[in-house]
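Residue-level structure breakdown
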Amino acid sequence: MYDRKDLLLRMGEYDFSVAYPGSLGHVDRKVQNAVTHRKYNPRTYEYDVALLRFDKPVKFEDNVIPICLSDDNEDLAGQSGWITGWGRLYESKEFIKFK
């Protein structure tokens, strides 16, 4: 079990193994609070999403942008969208479980 206060989120980084000259820097923030979806199913990965509150604000840059959330009753059926992020980084590793 991991404690949320031990989490660190890195934004704006896309390759940890290489430093890119002239690239925009990354931003690290400690996670103050994390809320996982109440319907999350670790067997099927359905509802694999969480909201994170950071210890301090994040300044948006070209490589760090917010996601857009729809209104409660907005029907997005048939629309295209995209998401980004990492779920499980290694096939044989367990998921992070929060206290």
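Residues numbered from 1 in each chain as written. Predicted model: local features only at pLDDT ≥ 70, side-chain atom pairs only at ≥ 80, totals over all residues. Heavy atoms only, no water.

Across its full length, the protein holds zero helices and three strands. Ordered by position from N to C terminus, the α and β elements of the protein give β-β-β. In the protein, which comprises 99 residues, the proportion classed as buried is 9%. Long-range pairs, those at least 24 residues apart, make up 47% of the contacts in the protein with a sequence separation of at least 6. For the protein, the accessible surface area stands at approximately 9,400 Å², while carbon and sulfur atoms represent 51% of it. (Helix = DSSP H or I, 4+ residues; strand = E, 2+ residues; numbered from the N terminus. Buried < 20%, exposed > 50% of the residue type's maximum accessible area, 1.4 Å probe, protein only. Contact = heavy atoms within 4.5 Å. Areas by Shrake-Rupley, 256 points an atom, 1.4 Å probe, with all protein chains shown as cover.)

Attention now moves to the pattern of salt bridges. Under the definition given, this model contains two salt bridges. One salt bridge in this structure joins arginine 10 and aspartate 28, with 2.8 Å as the shortest N-O distance. Linking arginine 10 in strand S1 (residues 8–11) with aspartate 28 in strand S2 (residues 27–36), this pair joins segments that are 18 residues apart in sequence. Residue class for arginine 10 comes out partly exposed when judged on its relative accessible area of 32%. (Salt bridge = Lys/Arg side-chain N within 4 Å of Asp/Glu carboxyl O.)

Sheet analysis places S1 next to S2, joined by four bridges and oriented antiparallel. Bridged to methionine 11 within S2 is valine 27. Pairing between S2 and strand S3 (residues 50–54): five bridges, direction antiparallel. What sits directly across from valine 35, in S3, is leucine 51. (Pairing = 2+ DSSP bridges.)

So, on to the sheet that holds S3. The antiparallel open sheet is built from three strands, whose spatial order is S1-S2-S3. Here the strands that pair on one side only, and so sit at the sheet edges, are S1 and S3. Within this sheet the neighbouring strands show an average axis-to-axis angle of 55 degrees, counted without direction. (Axes fitted to C-alpha atoms, helices over the stretch in contact; angles between N-to-C directions.)

Further remarks concern the environment of leucine 52. Relative to the helices and strands, leucine 52 is located in strand S3. A C-alpha to C-alpha distance of 6.5 Å links leucine 52 and valine 31, two positions 21 residues apart in sequence.

The grouping of Asp71, Asp72, Glu74 and Asp75 at the surface amounts to a negative patch. Exposure remark for aspartate 71: the relative accessible area of 59% places this residue in the exposed category. (Patch = residues over 30% accessible without salt bridge, like charges linked within 9 Å, V, L, I, M, F, W, Y side chains within 5 Å. Lys, Arg positive; Asp, Glu negative; His and termini not counted. Charge placed at Lys NZ, Arg CZ, Asp CG, Glu CD.)

This part is about the environment of arginine 53. Secondary-structure assignment places arginine 53 in strand S3. If we skip the residues at most four places from it in the chain, arginine 53 touches Lys30, Val31, Gln32 and Asn33.

Now for the side chain of arginine 29. Within the secondary structure, arginine 29 sits in strand S2. Buried charge without a salt bridge: arginine 29, with aspartate 55 as the nearest opposite-charge side chain at an N-O distance of 4.8 Å. Among the polar contacts listed, one links the side chain of arginine 29 to the backbone oxygen of lysine 56, at a separation of 3.4 Å. (Polar contact = N/O pair within 3.5 Å; in protein donor to acceptor, adjacent residues only side chain to side chain.)

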